[in-house]
Amino acid sequence: MRRALLAAGLTAVTGLGGLSGCATMSPMAGGPVQPPRVELQRVEIAHYWSFYLDMKERRGSPLDLAFVFGIENPNDTTVTLEELRFTIAFEPGYELNTVNVYEKMSIPPRTTNQLRVHAAFDAYSAALSLLVTGGFRLQQAGVKAPDQLKAWWEKIADFDFQIAVTNGTAAFSSDHGDSLTHFQATFPKK
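The following paragraphs examine the structure supplied in this document.

Cut-offs and rules
- Residues numbered from 1 in each chain as written.
- Predicted model: local features only at pLDDT ≥ 70, side-chain atom pairs only at ≥ 80, totals over all residues.
- Heavy atoms only, no water.
- Helix = DSSP H or I, 4+ residues; strand = E, 2+ residues; numbered from the N terminus.
- Buried < 20%, exposed > 50% of the residue type's maximum accessible area, 1.4 Å probe, protein only.
- Contact = heavy atoms within 4.5 Å.
- Areas by Shrake-Rupley, 256 points an atom, 1.4 Å probe, with all protein chains shown as cover.
- Salt bridge = Lys/Arg side-chain N within 4 Å of Asp/Glu carboxyl O.
- Pairing = 2+ DSSP bridges.
- Axes fitted to C-alpha atoms, helices over the stretch in contact; angles between N-to-C directions.
- Patch = residues over 30% accessible without salt bridge, like charges linked within 9 Å, V, L, I, M, F, W, Y side chains within 5 Å.
- Phe/Tyr/Trp six-rings, centres within 6.5 Å; stacked < 30°, edge-to-face > 60°.

Right, let's get into the overall build of the protein. Of the regular secondary structure elements, the protein holds three helices and ten strands. Per-residue burial over the protein gives 37% buried out of 190 residues. Counting only contacts in the protein whose residues sit at least 6 apart along the sequence, the fraction spanning at least 24 positions is 71%. With an accessible surface of roughly 11200 Å², the protein has 54% of that area assigned to carbon and sulfur atoms.

This part covers the environment of Ala-185. With respect to the secondary-structure elements, Ala-185 resides in strand β10 (residues 179-187). The spatial distance from the C-alpha of Ala-185 to the C-alpha of Gln-41 is 9.2 Å, given a sequence separation of 144 residues. With residues up to four places along the chain from it excluded, the contact list for Ala-185 reads Leu-40, Ile-163, Ala-164 and Val-165.

For the coordinates displayed, the defined rule picks out eight salt bridges. Among the salt bridges present, the one from Arg-37 reaches Glu-72, with a minimum N-O distance of 3.0 Å. Here Arg-37 is found in strand β1 (residues 37-48), whereas its partner Glu-72 is found in strand β4 (residues 62-72), with 35 residues between them in sequence. Between Glu-154 and Lys-150 there is a salt bridge whose closest N-O contact spans 3.8 Å. With a gap of four residues between them, Glu-154 and Lys-150 both fall in helix α3 (residues 145-155), about one helical turn apart. By relative accessible area, Lys-150 is classed as partly exposed at 39%.

It is worth spelling out the sheet that holds strand β8 (residues 112-122) at this point. The three strands lie next to each other as β1-β4-β8, forming an open sheet whose pairing is antiparallel. The sheet terminates laterally at β1 and β8, the two strands that pair on one side only. Taken over all neighbouring pairs, the strand axes of this sheet differ in orientation by 20° on average, direction set aside. Relative to β8, β4 runs antiparallel, the two being bridged by eleven bridges. Looking at β8, one finds that Gly-70 is bridged to Gln-114.

Now for the pairing of β4. The element β4 is extensively covered by neighbouring structure, given that nine of its eleven residues are classed as buried. When β1 meets β4, the two strands line up antiparallel, connected through ten bridges. Bridging from a neighbouring strand, Glu-44 pairs with Ala-66 of β4.

A cluster of nonpolar side chains, contributed by Met-55, Leu-128 and Leu-131, occupies part of the molecular surface with about 250 Å² of accessible area. Checked against the element boundaries, Met-55 lands in the loop between β2 (53-54) and β3 (59-60).

Within this structure, the stated rule accounts for ten aromatic pairs. Relative to Phe-86, the ring of Phe-69 lies with its centre 5.2 Å away and its plane at 65°, an arrangement referred to as edge-to-face. Residue Phe-69 is located in strand β4, and its partner Phe-86 is located in strand β5 (residues 79-90); the two are separated by 17 residues in the primary sequence. We classify Phe-69 as buried; its relative accessible area is 0%.

Next comes the structure, spelled out in structure tokens:
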């Protein structure tokens, strides 16, 4: 009789111990990770030089823009930004640059981190990109690439035209799996 009660008591204690172990497990244990959200908060002029372009000498003035993103982690676990990439277009449709970021950033649960990404342009490379990606549109509008670039360089201080972030992807990792976020935005918002 004592053996039966002892066996029943051990079974009950073992069963309760197993349940209490489950009760302390994280609700995310084994569950999928929600993709973090990437939002363009603003674009800043980091460095500016007056417009200069010499197509024969293959030189042009530089322009450095800083793209400030908010990266929100909606999960109950830390996620790590592994890489981020996006394309920049002036007056949406004229792609001028593609940026890749490979620095890792950990984002704690239910918080938003800020990431500043610099994108350097020079008038000569921008002219070549503009001719490749928007040459036909410029030709139809009767505008020469150097003239369009000069107009953008002169208007950038007031953000008199929109800057688009397109084809944005951000890869994240965590203890609960990997995720990929797609994003796009324009600045200033209209």
